[in-house]
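Report on the structure
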Amino acid sequence: MQPDIRKIVTYDEEVFIEGFKAAKEPWRMFAVAAVVRNPWAGRFVEDLKPEIHAYGPVLGEMMTKRMIALAGSGDAIEAYGKAAVVGLNGEVEHASGLIHTLRFGNFYREAVGAKSYLAFTNTRGPASAPIMVPLMDKNDAGRRSHYLTIQFSIPDAPRDDEIVVVLGAATGGRPHHRIGDRYQDLKDLGHDLDNPAAV
């Protein structure tokens, strides 16, 4: 069983001026999106595992290779994330199924040497629906400079019976980051790092 991939779309953005001020180095965010036929479209399927187990490794390996090729190396990626948008004839559970499996995400984590979990979105929409890929530092979940979002759309995807599966990355944080990190907030509030909500 192999995923039926209609096409692959690459998004690549390089910012030289942010907030009326030149960046010291170009700020780059990029993504790879695979437009895949939804094997569960139009019906309720109790057991999603066979397709998840079959599709996850294929998509994870192929898309990770493309991300690393775009970046030049795994080390060049500082922030990362994932997303999926299911077409209108599918469930959000279908979008979740293809990206929330270690058989998909571990390829990317290992290739970039990450410790953090992959930030994510899973949504439903028509063709040209917004694709929002949240990013975070691959090793430090509290590093706010790397809280980023890639946004783009594909004019003809997802079709009603498709899922758009996406990996995203950035080579750095916001160029003029100045809101601090969550660790200072915790210190100021007198909260413990392991119990940030103090509950």
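In this report, the structure presented in the accompanying data block is examined. (Residues numbered from 1 in each chain as written. Predicted model: local features only at pLDDT ≥ 70, side-chain atom pairs only at ≥ 80, totals over all residues. Heavy atoms only, no water.)

**Quick word on the side chain of H94**
Here H94 is to be found in helix α2 (residues 92-99). Discounting chain neighbours no more than four positions away, the residues touching H94 are N38, W40, R43, L48, V86 and I163. (Helix = DSSP H or I, 4+ residues; strand = E, 2+ residues; numbered from the N terminus. Contact = heavy atoms within 4.5 Å.)

**A closer look at the packing of aromatic side chains**
Counted according to the given criterion, the structure contains 2 aromatic pairs. Between Y80 and Y108 the ring centres are 5.4 Å apart and the planes differ by 55°, which places this aromatic pair in the tilted class. One end of the pair, Y80, is in strand β3 (residues 79-86); the other, Y108, is in helix α3 (residues 102-112), with 28 residues separating them in the sequence. Sitting over the ring of F30, R28 keeps its end group 4.4 Å from the ring centre. (Phe/Tyr/Trp six-rings, centres within 6.5 Å; stacked < 30°, edge-to-face > 60°. Lys NZ or Arg CZ within 6 Å of the ring centre and 35° of its normal.)

**Observations regarding the pattern of salt bridges**
In the structure shown here, the tally under the stated rule is 8 salt bridges. Linking D156 and K7 is a salt bridge whose minimum nitrogen-to-oxygen distance equals 2.7 Å. Residue D156 is found in the loop between β6 (148-152) and β7 (162-170), and its partner K7 is found in strand β1 (residues 5-18); the two are separated by 149 residues along the sequence. On the basis of relative accessibility, which here comes to 29%, the residue D156 falls in the partly exposed class. Residue class for K7 comes out partly exposed when judged on its relative accessible area of 28%. Here R28 makes a salt bridge to D12, at a shortest N to O gap of 2.9 Å. Pair noted here: R28 is in strand β2 (residues 21-37) and D12 is in strand β1, with a separation of 16 residues, a long-range link. Since its relative accessible area comes to 41%, D12 is described here as partly exposed. (Salt bridge = Lys/Arg side-chain N within 4 Å of Asp/Glu carboxyl O. Buried < 20%, exposed > 50% of the residue type's maximum accessible area, 1.4 Å probe, protein only.)

Purely geometric numbers; function is a separate question.
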